[in-house]
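Take a look at the letters that make up each chain.
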Amino acid sequence: MAKKDTTNLGSVSGLPEELGIDADLGRAQQRLVVTHDTRRYGKPVTVVDGFDLDAAALKSTASALKRRLAVGGSVVERRIELQGRHDERLRAALSDLGFTVDP
């Protein structure tokens, strides 16, 4: 009888890592909160909080959102801040990336 190799199984799904399911499940399990803030001179800013990603993945996600929404923004203290007010478009973009957004 052949011994089953369990060295390359994902920690979240228990399935082989090459399927990439753990990353998708990890994103779906995060609960993000979208809020609004006002900065200097009354400029609106949309803030997305609740990410459980490493710094590189968070920066990559911020870049994808900025490209999709055609806005400027940055990563500040594990939050993504986007210039302007982008309620529904941002929720749709996060959903397309596999995240769950709380109302």
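Residues numbered from 1 in each chain as written. Predicted model: local features only at pLDDT ≥ 70, side-chain atom pairs only at ≥ 80, totals over all residues. Heavy atoms only, no water.

Asks: Sorry if this is basic, but what is going on with the sheet that holds strand E5 (residues 100-102) here?
Replies: Backbone-to-backbone hydrogen bonds pair the strands of a sheet. The strands run either parallel or antiparallel. The strand order E3-E4-E2-E1-E5 describes an open sheet built from five strands, whose pairing is mixed. The sheet is open, and its two borders are formed by strand E3 (73-76) and E5, each paired with just one other strand. Between one strand axis and the next, the sheet turns by 30 degrees as a mean value, whatever way the strands run. Sheet analysis places strand E1 (residues 31-38) next to E5, joined by three bridges and oriented parallel. For valine 33, the partnering residue across the bridge sits in E5 and is aspartate 102. Contacts from helix H3 (residues 87-96) reach E1, strand E2 (44-49), strand E4 (79-83) and E5 within the one sheet, and its direction differs from that of E1 by about 155 degrees. (Pairing = 2+ DSSP bridges. Helix = DSSP H or I, 4+ residues; strand = E, 2+ residues; numbered from the N terminus. Axes fitted to C-alpha atoms, helices over the stretch in contact; angles between N-to-C directions. Contact = heavy atoms within 4.5 Å.)

Asks: Can you walk me through the packing of aromatic side chains in this structure?
Replies: A ring pair, where both rings are aromatic, is described by two values, the distance of the centres and the angle of the planes. As enumerated under the stated definition, the model contains one aromatic pair in all. Seen from their ring centres, phenylalanine 51 and phenylalanine 99 are 5.5 Å apart, and the 85 degrees between their planes marks the pair as edge-to-face. Taken together, the residues span a long stretch of sequence, with phenylalanine 51 in the loop between E2 and helix H2 (55-69) and phenylalanine 99 in the loop between H3 and E5 at a distance of 48 residues. Note on phenylalanine 51: relative accessible area 7%, which makes it buried. With a relative accessible area of 5%, phenylalanine 99 lands in the buried category. (Phe/Tyr/Trp six-rings, centres within 6.5 Å; stacked < 30°, edge-to-face > 60°. Buried < 20%, exposed > 50% of the residue type's maximum accessible area, 1.4 Å probe, protein only.)

The quantities given are spatial measurements derived from coordinates; they are silent on function.
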